[in-house]
Amino acid sequence: MLTVYSDAHQAHHAKQELIGGQFQPAFDTPQRAVNIIERVAEVGLGRIVTPEAHGTAPALRVHSSRFIEFLRTAWSEWHAKKGDSDAIPLIWPSRTLRDIEPRDIEGRLGYFCADAGTPITAGTWKMVQAGIDVACTAADALQRGDRAVFAATRPPGHHAGKELFLGYCYVNFAAVAAQRLIDQGNRRVAVLDVDYHHGNGTQEIFYDRSDVLFVSIHADTRDVFPFFLGHADETGTADGEGFNLNLPQALGTGWNSGYAQALQQALERIEAFRPDCLVVSLGVDTYELDPIGQLALRCEDYAEIGKSIRSLALPTCFVMEGGYMVDHVGINAVEVLRGYESA
Ligand code: OKP
Ligand code: ZN
């Protein structure tokens, strides 16, 4: 399996993250992606290539132009006013306020960002552009005939919506890849999201469409981030009615206590959709030892996930999402890919 990777992600390294009322080291570190690519090399998964430059056009297919422009320019605006500290919003247009884009950078940060855990730093845009390039280069390899390809992106992307960034995610790389596959002539694309967290951004982007099916297995969002989407009754709207499937899991769920069954249900829905190809949002924060996840998959379960996905016999683009047990993120992510290759 081909892997696409750029070390430009290292340009972004958040200084700290506010968790439980305390500043702690950020969970999305450059080391996560370094460990993943080193593991890909160690097991000899296949060739590793750097991405081709694609600019912002592919991101503009799934995000608004004012949003991408904001991400591209926010740091210089913030830096001019506030200096070197990470740009983090502190006020949001919550439910009873108005939907008005402010003029000042502080207000605009809250307008486009939904949480206080997704800072914009000097290197954020460089990292995000590299992620767009990686996702597109991977999708193009699939289109040229590769059976499977791994987009080794950092940071995750599946929380990012058309005009919203949160949860360490700025641009939705899985959505960029899925849309690119549609734009290149595939009639139906399925997105399977196995990250611990619900892919609220991917759901939002494709919610009213029947050409992209979104299926997600995640920790129940009544209990965990991102809270405000991801519930079982969200099935799609308008043309997209019936093309969104959420399979929330109770905290503590492991392979034999519900996960394998949910995966089977997800695969059956994808099969019935008869897609031309598949995008997998590959998060391994479902791991039993993950510091921010509360599901209970073990190392050996990841190869099983890969094997099960392979049974669909679809051209498959894996796009990296979460996984925060840093010394296991490479092992577990690559286990999925090896499981896929072995079946
Ligand atoms: C990104 B991805 C935990 C707070 C969690 C954000 C999590 C983002 C996860 N107490 N904050 O889906 O892996
Ligand atoms: Zn996650």
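Located above this text is the structure these notes cover.
A short tour of the structure in this document, coming up. Within each chain, residue numbers correspond to sequence positions counted from 1 in written order. To read the labels, note that chains go from A and ligands from 1, taken in the order they are written. Since the coordinates come from a predicted model, pLDDT governs what is reported: local features require at least 70, and pairs of side-chain atoms require 80 or more to be given and counted, while whole-chain, interface and lining totals use all residues. Excluded from the side-chain calculations are hydrogens and water; all other atoms, namely the structure's heavy atoms, are used.

1. Digging into the pattern of salt bridges
Consideration 1: Salt bridges are defined as contacts in which a side-chain nitrogen from Lys or Arg sits within 4 Å of a carboxyl oxygen from Asp or Glu. Applying the stated rule across the entire model yields 20 salt bridges.
Consideration 2: Ionic pairing is found between Arg 61 and Asp 183, a salt bridge with its closest N-O pair at 2.7 Å. Here Asp 183 lies in helix H6 (residues 173-183) and Arg 61 lies in the loop between helix H2 (57-60) and helix H3 (65-82), a separation of 122 residues in the sequence.
Consideration 3: The partly exposed category is assigned to Arg 61, whose relative accessible area is 46%.
Consideration 4: A residue is classified by how much of its surface remains accessible, and Asp 183, at 41% relative accessible area, is partly exposed.
Consideration 5: We note a salt bridge from Lys 81 to Asp 104, for which the minimum N-O separation is 2.3 Å. On the criterion of sequence distance, the pair formed by Lys 81 in helix H3 and Asp 104 in the loop between H3 and helix H4 (105-112) is long-range, its members being 23 residues apart.
Consideration 6: Relative accessibility thresholds used throughout: buried, under 20% of the residue-type maximum; exposed, over 50%; partly exposed, between the two (1.4 Å probe, protein chains only). Overall, the relative accessible area of 55% leaves Lys 81 in the exposed class.
Consideration 7: Using a relative accessible area of 30% as the deciding quantity, one classes Asp 104 as partly exposed. Comment: elements are numbered from the N terminus, with helices defined as DSSP H or I runs of at least four residues and strands as E runs of at least two.

2. Considerations on the site of ligand 1
Consideration 1: Nearness is defined per residue: one heavy atom within 4 Å of the molecule or strand is enough. Taken together, the residues surrounding ligand 1 are Pro 156, His 158, His 159, Gly 167, Tyr 168, Asp 195, His 197, Phe 225, Asp 285, Gly 322 and Tyr 324.
Consideration 2: Any N or O atom pair separated by 3.5 Å or less is treated as a polar contact, with the protein-specific requirement of one donor-capable and one acceptor-capable atom, and with residues adjacent in sequence counted only for side-chain atom pairs. One nitrogen or oxygen atom from the side chain of His 159 is found 2.7 Å from an oxygen atom belonging to ligand 1.
Consideration 3: A distance of 3.1 Å separates an oxygen atom of ligand 1 from a polar atom in the side chain of His 197.
Consideration 4: Only the protein chains shown count as cover for residues, and the accessible areas themselves come from Shrake-Rupley with a 1.4 Å probe. About the coverage of ligand 1: the protein hides 80% of its 400 Å² of free accessible area.
Consideration 5: A majority-of-atoms criterion places ligand 1 in the largest pocket.
Consideration 6: Amino acids are sorted into nonpolar (Ala, Val, Leu, Ile, Met, Phe, Trp, Tyr, Cys and Pro), charged (Asp, Glu, Lys and Arg) and polar (every other residue, Gly among them). Split into classes, the residues belonging to the shell around ligand 1 amount to four nonpolar, five polar and two charged. Residues are called lining when one of their atoms sits within 4 Å of a cavity or pocket point, these points coming from a 1 Å grid over the protein atoms alone, where a cavity is a set in which a 1.4 Å probe fits but cannot get out and a pocket is an open set with protein on both sides within 12 Å along at least five of seven lines. By definition, a pocket or cavity contains a molecule when more than half of the molecule's atoms lie within 2 Å of the pocket's grid points.

3. Quick notes on the packing of aromatic side chains
Consideration 1: Side-chain rings of Phe, Tyr and Trp (the six-membered ring for Trp) are treated as a pair once their centres are within 6.5 Å; stacked means planes under 30 degrees apart, edge-to-face means over 60, and tilted covers the remaining angles. All chains considered together, the criterion is met by twelve aromatic pairs.
Consideration 2: An angle of 75° between the planes, with centres 5.6 Å apart, marks the rings of Tyr 168 and Tyr 324 as edge-to-face. Placement of Tyr 168 in the loop between strand E5 (148-151) and H6 and of Tyr 324 in the loop between strand E10 (316-320) and helix H10 (326-342) is noted, with a sequence separation of 156 residues between them. Assigned by exposure class, Tyr 168 and Tyr 324 land together as buried.
Consideration 3: An aromatic cluster of at least three residues, connected via ring pairs, comprises Phe 67, Phe 70, Tyr 111, Phe 112, Phe 165 and Tyr 170.

4. Topic: the sheet that holds E5
Consideration 1: DSSP bridges decide pairing: two strands pair if at least two such bridges lie between them. With respect to topology, eight strands assemble into an open sheet ordered E4-E1-E5-E10-E9-E6-E7-E8, the strand pairing being parallel. Of all strands in the sheet, those with a lone pairing partner are strand E4 (48-49) and strand E8 (244-249), marking the two edges.
Consideration 2: Pairing analysis gives two bridges linking strand E1 (residues 2-4) to E4, with the strands arranged parallel. Note that in E4 the partner of Thr 3 across the bridge is Ile 48.
Consideration 3: Sheet strands in contact with H6 are strand E6 (189-193), strand E7 (212-219), strand E9 (277-282) and E10, and its direction is about 175° off that of E9. Only heavy atoms matter for contacts: two residues are in contact if any of them lie within 4.5 Å across the pair. For every element, the axis is a line fit to its C-alpha atoms; helices are fit only across the contacting stretch, and the angle between N-to-C directions ranges from 0 to 180 degrees.

5. Overview of the environment of Glu 77
Consideration 1: Structurally, the position occupied by Glu 77 is in helix H3.
Consideration 2: Residue Glu 77 is classed as partly exposed on the basis of its relative accessible area of 29%.
Consideration 3: Through-space distance from the C-alpha of Glu 77 to that of Ile 105 is 6.7 Å; in sequence the pair is 28 residues apart.
Consideration 4: If we ignore the near neighbours within four places in the chain, the residues touching Glu 77 are Arg 103, Ile 105 and Arg 108.

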